[in-house]
Amino acid sequence: MTRRPIYLMMTIIIPALVILFFATFLNQGMPSSLPIAVVDFDNSSTSRLIVRNLSAGQTCKVKYKLTSYESCKTKMQTGDIYAFVVIPRNFEKDLHNHKSPQVNFHTEYAHYLAGSLIMKEIQTTLTTIAAGVDLKVRLAKGQDYNMAMAQVNPIKTDMHIIGNSMLNYSFYLTSTIMPGIIFLMAMICTVYAIGIEFKVGSSQRWLIIGKRDIVLSLAGKLLPYTVLFSLMVILSEVIMEKIMGFPSKGDPTLLYIGAVLTVLAYQAMGMVIIGLLPSLRTALSIAAFYGVIGFTLAGFTYPHFAMLNAVKPYTYLYPLRQYYMLYCNVQINGLSFWDTVMPFFYLILFDFAPLLVIWNIKRTAVKLDYERD
Amino acid sequence: MSINSRLRRNLRENGKAWLDMFYILRKELYGIFTDKGTLIIFFVATLVYPLVCGYVYNKEMMRDAPIAVVDNNHSSLSRQYIRMLNATPEVSVAYHAMNMEEAKSLQKKGKIHGIVNIPKEFSSDINSGKQATVNIFADVTSFFWYRNLATASAYVSRTMGYGIEAKNLIARGSTYNEAMSSIRPYIPQEQTLFQIGGYPSFMLPIICIILLQQTILLGIGVLAGKHSERNRFRNITPNNIHYRGIFRIIFGRLLAVFIVYIPISIYVLIIVPHFFNIPQLYTSPIEVLTFIIPFLLASILLGMTCSVFFHHRENAIPFFIFMSIPILLMSGLSWPRESMPDFWRSFSYLFPSTFAANGFVRMGTMGANLMEISKEHLSLWILTAVYLVTTFFAYRWRLTTIWLQTGTQDKKSRKHQSRFNRLKLNEGRF
């Protein structure tokens, strides 16, 4: 193992780089001060109040004050702004004459996260100011403040976000992608470690060292990687919990056991792939293809619930989905072992998959008669 | 020696450079189409992957996320609130829980993804003119659950609040118009400037661009590894008289992959989005192609620069696979560019996909023309130039180390050597 630098790269360097990347890349938690533009055709005290308040929020910041709709559109198409607000002519006059003028705002959806956050913030700011105008009129009429407030806004919504009180977006991504890439590496490493024996033709010697018992040989070959990759995943979990401050409600040991089981499950899938396609390069390409689709299908970026019914069964082909469920159950919902036993069960089920192809691995190892490219 | 004679000598020596280049081009194309691993990466992956992603992200918006309601009030007002919540496209009330404990245990089991708790004094507060509060508990296991519940509950509270306020005002003798303008002095209105798309319209074009770049990098890495394994002296070029100048090797290889990727790009960037009905607002596909040419060139040259480090066919695969997801995040589309740490933002400029994804997405979703994405277009040409230089030095380094090792550093003897080797190779074959 130590002879080929690629092993060092796969087991230590790549996981370390992945941890480093995710620990530093999303450190801001939530996007802030995103540039937007305003077209103020009215230029009155109320319209200026709106412009000021748009900048006061956390998410967006008025970066350009433009004079035409067209220039805003161009700014958006060149990618300088994410949204713009248009305040019409005679805005204040219409306001006093009970004509209910419209304030239009435009966002784009090419930046999904930024677009949704900005839209929500602009909507809130504009509604709050509208309520403020209403409130001012009522106070001027001599209503009591609390009374007026309740009249203006009869139903208040209190948002409680369990576990993720700051609504840290990095948490949604990092918690599964970071271990996910390490799992992917574990699978690729398994394919590589077995495939290289076939490729250089040293598999017969490998079997002899393993007392001609294929199970013993495979275990001896793959266990060091199981240990290494499990340690790496556990390290990433500890970093997420202790340094990045992600929620941890349940017993972390459960998650650590889950991490070891997921590494084993991915190694099992690696064995299945190399067992079916003994040519190293083809097997690696297929393993990479299979593994990368897993990030889409695991359901942490795009919920399982929203997928097509025809697609849903395929998500069970991925240990990553079970790991994601386990993470949610243990770290976010704080369930105990017996309440979250199903993901464990599925993960262990994966380990039986190589039994289907183990004869083919042995046959290839002895005869080396697969189709080379 | 006069300039004229020098030029003449140069011409005499390099006059066949074009022919050499086309020879290399033909050889490389042959190499691509006869190698199973490269075929999988170049054709099967680009053919299948966008289709799989398109089918997974089939629904534009996530509708009717299941939530539970805890109604402690049991009045007509609280029931109205729940009905309105159920009617929103974002959520649907799946369970009426008796108390918070029941609702929380449902959430833990994953049956529901959000809880709305209506307090006991909800209707009495509203009727006595006090402000009533509704408590929302969002599920944090995915951003989508939070987004849907927050949008729906804010909308329902606002709309129902307007109704209550209007009723109160009219009861006190305001006219309908006065009441309406008092409640909403002005109307915040979201306008659709361009076609609104959901998550798939956002995600698929980015995935397509990154897929193109990553398959190019992978494929070239695998091809170079193959050359390293097969050729004499572990060289990245065959020992062949046509492969005697660095530039003819670079341009020959560049053109080979480029020719292969033109139809693939048309399929991945134009036909696939069309197939999945993803908004494509650009005026003509020619504009997309014009924009994508420097992206392909820069990606291929980046791949060729990196490829000198791969001595085996397989080594490129783990290396490029793990990078795909960080590259996706660094494109600045899913996570806004303004919020990235400076180091990673600068780092992201090394990848052609960063500029290409931004430009292509703006062409598709906002109908930007080539003028409006000229910044990205220019950056891609600059990257092409930069990677051409790095490829030159990388190839020179790899080739000269080998020429030095084999003792064929001077040009003339190298020529003889390779001719000699070619003859020997032919002898071996026959």
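Residues numbered from 1 in each chain as written. Chains lettered and ligands numbered in written order. Predicted model: local features only at pLDDT ≥ 70, side-chain atom pairs only at ≥ 80, totals over all residues. Heavy atoms only, no water.

A. Fine view of the overall build of chain B. Per the secondary structure count, chain B includes 16 helices and five strands. Partitioning the contacts of chain B with sequence separation of at least 6, the portion at a separation of at least 24 is 78%. Split by element, the accessible area of chain B, about 18,800 Å² in all, is 61% carbon and sulfur. (Helix = DSSP H or I, 4+ residues; strand = E, 2+ residues; numbered from the N terminus. Contact = heavy atoms within 4.5 Å. Areas by Shrake-Rupley, 256 points an atom, 1.4 Å probe, with all protein chains shown as cover.)

B. Summary view of the nonpolar core. Counting residues in hydrophobic clusters, the biggest one holds 204 residues, and the most contacted among them are A:Phe22, A:Phe25, A:Ile194, A:Leu218 and B:Tyr261. With 21 residues, the top contributor of residues to this core is helix H7 (residues 169-200) of chain A. Residues in contact with A:Phe25, not counting those within four places in the same chain, are B:Leu329, B:Met330, B:Trp335, B:Met340, B:Pro341 and B:Trp344. One finds A:Val62, A:Phe91, A:Ala130 and B:Tyr186 within the second-largest nonpolar core, a separate group that totals 26 residues. (Core = buried A, V, L, I, M, F, W, Y, C linked by side-chain atoms within 4.5 Å. Buried < 20%, exposed > 50% of the residue type's maximum accessible area, 1.4 Å probe, protein only.)

C. Examining the sheet that holds strand E5 (residues 155-161) of chain A more closely. Strand order in this open sheet of five strands is E5(A)-E4(B)-E3(B)-E1(B)-E2(B), and the pairing throughout is mixed. Whereas interior strands pair on both sides, the edge strands pair on one side only; in this sheet they are E5 of chain A together with strand E2 (91-97) of chain B. Strand-to-strand, the axes of this sheet are offset by a mean angle of 25°, without reference to chain direction. Bridge analysis of strand E1 (residues 65-71) of chain B against strand E3 (residues 114-118) of chain B gives four bridges, and the strand direction is parallel. Following the sheet pairing, B:Ala68 is matched in E3(B) by B:Ile115. Sheet strands touched by helix H4 (residues 76-87) of chain B: E5 of chain A together with E1, E2, E3 and strand E4 (132-138) of chain B. Its angle to E2(B), the strand with the most contacts, is close to 140°. (Pairing = 2+ DSSP bridges. Axes fitted to C-alpha atoms, helices over the stretch in contact; angles between N-to-C directions.)

D. Quick peek at the domain arrangement of chain A. Taken as a whole, chain A is organised into domain 1 (5-26 + 169-367) and domain 2 (34-152). Taking only C-alpha atoms into account, the centre of domain 1 of chain A sits 49 Å from that of domain 2 of chain A. (Domains from an automatic or database assignment.)

E. The packing of aromatic side chains, seen in detail. Taken as a whole, this structure holds 34 aromatic pairs over all chains when the rule is applied. Seen from their ring centres, A:Tyr290 and A:Tyr318 are 4.6 Å apart, and the 15° between their planes marks the pair as stacked. Placement of A:Tyr290 in helix H11 (residues 280-297) and of A:Tyr318 in the loop between H11 and helix H12 (319-332) is noted, with a sequence separation of 28 residues between them. Accessibility classification places A:Tyr290 together with A:Tyr318 in one group, the buried group. Their ring planes at 65° and their centres at 5.8 Å tell us that B:Phe310 and B:Phe320 sit as a pair that is edge-to-face. With B:Phe310 in the loop between helix H11 (285-307) and helix H12 (316-330) and B:Phe320 in helix H12, the pair connects residues that are ten residues apart, well separated along the chain. (Phe/Tyr/Trp six-rings, centres within 6.5 Å; stacked < 30°, edge-to-face > 60°.)

F. Geometry of a nonpolar patch on the surface. Residue and element names in this part refer to chain A. On the surface, Met-342, Phe-345, Ile-348, Leu-349, Phe-352 and Leu-355 cluster together into a nonpolar patch covering about 600 Å² of accessible area. Position of Met-342 among the secondary structure elements: in helix H13 (residues 341-350). Since its relative accessible area comes to 43%, Met-342 is described here as partly exposed. (Patch = residues over 30% accessible without salt bridge, like charges linked within 9 Å, V, L, I, M, F, W, Y side chains within 5 Å. Salt bridge = Lys/Arg side-chain N within 4 Å of Asp/Glu carboxyl O.)

G. Layout of the interface of chain A and chain B. Between chain A and chain B, the residue contacts involve 118 residues of the former and 111 residues of the latter. Interface area for chain A against chain B, summed over the two sides, is near 10,600 Å², with a carbon-plus-sulfur share of 66%. On the chain A side of the contact with chain B, A:Tyr112, A:Ile155 and A:Arg281 bury the most area, a combined 8% of that side's loss. Seen at the junction of chain A and chain B, the total is five salt bridges. Of the charged contacts, one joins A:Lys199 and B:Glu314 as a salt bridge, the two residues approaching to 2.5 Å between their closest N and O atoms. Counting the contacts that link chain A with chain B gives 14 residue pairs in polar contact (both at pLDDT 80 or more). Sorting elements by how many residues they give to the side of chain A that touches chain B places helix H5 (residues 112-140) of chain A first, with 14 residues. (Buried area = accessible area lost by both parts, 1.4 Å probe. Polar contact = N/O pair within 3.5 Å; in protein donor to acceptor, adjacent residues only side chain to side chain.)

H. Seen up close, the pairing of strand E4 (residues 102-107) of chain A. With five of six residues buried, E4(A) is to be regarded as a mostly interior element. Alignment of strand E3 (residues 83-87) of chain A against E4(A), held across four bridges, turns out to be antiparallel. By the bridge assignment, A:Ala83 is partnered in E4(A) with A:Thr107. Relative to strand E5 (residues 187-191) of chain B, E4(A) is paired through five bridges, and the arrangement is parallel. By the bridge assignment for E5(B), A:Asn104 is matched with B:Gln189.

I. Region of interest: the packing of helix H2 (residues 17-34) of chain B against helix H10 (residues 246-275) of chain B. All names here are of chain B. Running from N to C, H2 and H10 cross one another at 45°; their axes reach a closest spacing of 8 Å. Comparing their axes, H10 and H2 come out oblique. Between H2 and H10 lies a crossing whose hand is right-handed. Touching Ala-17, Asp-20, Met-21, Ile-24, Leu-25, Glu-28, Leu-29, Ile-32 and Phe-33 of H2 are Arg-248, Ile-249, Phe-251, Gly-252, Arg-253, Leu-255, Ala-256, Val-257, Ile-259 and Val-260, all from H10. (Parallel < 35°, antiparallel > 145°, perpendicular 65-115°, else oblique. Left-handed = near helix turned anticlockwise from the far one by under 90°.)

J. Molecular detail of H7(A). Residue and element names in this part refer to chain A. If you check H7, its first and last C-alpha atoms are 46 Å apart, about what 32 residues at 1.5 Å a residue would give, namely 46 Å. The sharpest bend along H7 measures roughly 25° and falls at Ser-175, with the proline Pro-179 sitting one to four residues further on. Of all 32 residues that make up H7, 30 are buried, and the element is covered over most of its length. Count one or two residues on from H7 and you reach Gly-201, which has phi positive near 75°. (Expected span 1.5 Å × (residues − 1). Bend = angle between axes of the 7 residues up to and from the residue.)

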